[in-house]
Amino acid sequence: MTNQELIDALRAADAVQFGEFELSHGGTSEYYVDKYLFETDPDCLEAVADAFAERLEPDDKLAGVALGAVPLAAATSVAAGAPYVIVRKQRKEYGTSNLVEGRLEEGEEVVVLEDIVTTGTSLVEAVEALREAGATVERALVVVDRQEGGRENVEDAGLEMEALVTAEELLAERD
């Protein structure tokens, strides 16, 4: 899967939108990448899952950050034949009260999947939760790096981050 094929899939899903948008961290942007459009489009979801799967090692275990990266983890799990866990943003107050859902063994190496990185805060928080649960986490794969400081924050947390697409690439041929 080439970067251009992935960019084409994101655009075909109408996931790249232009206008004025407020972002989750409070800032504004002239463009928005709608993860719910690309994650609910079967062709685009398959393209992302295949691109992630190409970057995995045979024994990798995956983690998806709730809510946005759960479909990515599930689809990549099927594409790569790799098990995954889900990292909640907060503990539920009933049942097992787990922050990490699924089977995770002490010391198990996990690759975290994330949809879009702007500041990297949710990704870093998920990595901290995984590490507290006993996982070894050194690597994250993300669909889009908005190139707004997130990579640096993620790397400061001791994580290697690989983006399938950067904002610069995604916006290069803006119509």
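Refer to the preceding data block for the structure.
Below or above, wherever it landed, is the structure these notes cover. Nothing here was measured: the structure is a model prediction, and the numbers come from that model.

This part takes up the nonpolar core. Leu10, Phe38, Val112, Leu123 and Leu130 are the most contacted members of the largest nonpolar core, which has 58 residues in total. Residues contacting Leu130, with those up to four places away along its chain left out, are Ala63, Val85, Val87, Val100, Leu104, Val110, Val112, Ala135 and Val137.

Regarding helix H1 (residues 3-12), the residues found buried are Leu6, Ile7, Ala9 and Leu10. For H1, the arc enclosing every buried residue in end-on projection is 160°, short of the 170-degree limit, so these residues lie on one face. Here the buried face of H1 lies against strand E1 (16-22), helix H2 (35-40), helix H3 (42-54), strand E7 (136-145), strand E8 (160-166) and helix H7 (167-171). Directly after H1, the chain includes Asp14, whose backbone phi takes a positive value near 60°.

A separate point is the pairing of strand E3 (residues 61-65). Judged by how many residues are buried, E3 sits mostly within the fold: five of five residues are covered. Side chains Lys61, Ala63 and Val65 of E3 all project onto a buried face; the interleaved residues Leu62 and Gly64 project onto the opposite face, where all are buried too. Bridging between E3 and strand E6 (residues 109-117) involves four bridges; their strand directions are parallel. Pairing of Ala63 across the sheet is with Val112, part of E6. Each parallel crossover has a hand, and the one from E3 via helix H4 (residues 70-80) to strand E4 (residues 84-87) is right-handed.

What counts and what doesn't
Residues numbered from 1 in each chain as written. Predicted model: local features only at pLDDT ≥ 70, side-chain atom pairs only at ≥ 80, totals over all residues. Heavy atoms only, no water. Core = buried A, V, L, I, M, F, W, Y, C linked by side-chain atoms within 4.5 Å. Buried < 20%, exposed > 50% of the residue type's maximum accessible area, 1.4 Å probe, protein only. Contact = heavy atoms within 4.5 Å. Helix = DSSP H or I, 4+ residues; strand = E, 2+ residues; numbered from the N terminus. Arc of directions from axis to C-beta. Pairing = 2+ DSSP bridges. Right-handed = clockwise from strand over helix to strand, strands pointing away.

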